[in-house]
Amino acid sequence: MTTEDECIEALREAAERLGESPTKAQYEELGLTPASATIIRTCGG
């Protein structure tokens, strides 16, 4: 099971790569894990 901390770390990595907070589509294009649906389910919308 994916933890909230893992989700946050993935979002931080995406933001670092993009230079901004990623949209759902941008996050998905990066191909990071966990999947965006998992992040939404784990952390909420």
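As the structure is a prediction and not an experimental result, all values here were calculated from the model.

S.K.: Which parts of the structure should I look at to understand the pattern of salt bridges?
M.R.: When charged atoms on two side chains of opposite charge get close, those side chains can pair. In this structure the tally under the stated criterion is 2 salt bridges. Between Glu28 and Lys24 there is a salt bridge whose closest N-O contact spans 3.3 Å. With Glu28 and Lys24 both in helix 2 (residues 24-30) and 4 residues apart, the pair spans about one turn of that helix.

S.K.: In this structure, what is going on with the side chain of Thr38? I would like to understand it.
M.R.: Mapped onto the fold, Thr38 is located in helix 3 (residues 36-43). What makes Thr38 buried here is its relative accessible area of 15%.

S.K.: Please clarify how helix 1 (residues 4-18) should be interpreted in this entry.
M.R.: Think of an α-helix as turning once every 3.6 residues; residues three or four places apart then point the same way. The end-to-end C-alpha distance of helix 1, which contains 15 residues, comes to 21 Å, matching closely the 21 Å that a straight helix rising 1.5 Å per residue would cover. Every buried residue of helix 1 is listed here: Cys7, Ala10 and Ala14. Projection of helix 1 onto a plane perpendicular to its axis shows the buried side chains occupying an angular sector of 65°, all on one side. Seen from the buried face of helix 1, the exposed residues on the opposite side, beyond 90 degrees, are Asp5, Arg12 and Glu16. Looking at the buried side of helix 1, the elements it contacts are helix 2 and helix 3.

S.K.: Hey, could you run me through the side chain of Ser36 in this one?
M.R.: Counting through the fold element by element, Ser36 comes out in helix 3. Residues within four places of Ser36 in sequence aside, it is in contact with Lys24, Tyr27 and Glu28.

S.K.: Whenever I open this one, the packing of helix 1 against helix 3 confuses me. Can you help?
M.R.: Where helix 1 contacts helix 3, the axes come no closer than 9 Å and their chain directions differ by 130°. Considering their axes alone, helix 1 and helix 3 lie oblique with respect to each other. When you trace helix 1 past helix 3, the crossing you get is left-handed. Contacts from Glu4, Cys7 and Leu11 of helix 1 reach helix 3 at Thr38, Ile39, Thr42 and Cys43. Split by residue class, the contact of helix 1 with helix 3 holds 4 nonpolar, 2 polar and 1 charged.

Criteria and thresholds
- Residues numbered from 1 in each chain as written.
- Predicted model: local features only at pLDDT ≥ 70, side-chain atom pairs only at ≥ 80, totals over all residues.
- Heavy atoms only, no water.
- Salt bridge = Lys/Arg side-chain N within 4 Å of Asp/Glu carboxyl O.
- Helix = DSSP H or I, 4+ residues; strand = E, 2+ residues; numbered from the N terminus.
- Buried < 20%, exposed > 50% of the residue type's maximum accessible area, 1.4 Å probe, protein only.
- Expected span 1.5 Å × (residues − 1).
- Arc of directions from axis to C-beta.
- Contact = heavy atoms within 4.5 Å.
- Axes fitted to C-alpha atoms, helices over the stretch in contact; angles between N-to-C directions.
- Parallel < 35°, antiparallel > 145°, perpendicular 65-115°, else oblique.
- Left-handed = near helix turned anticlockwise from the far one by under 90°.
- Nonpolar A, V, L, I, M, F, W, Y, C, P; charged D, E, K, R; others polar.

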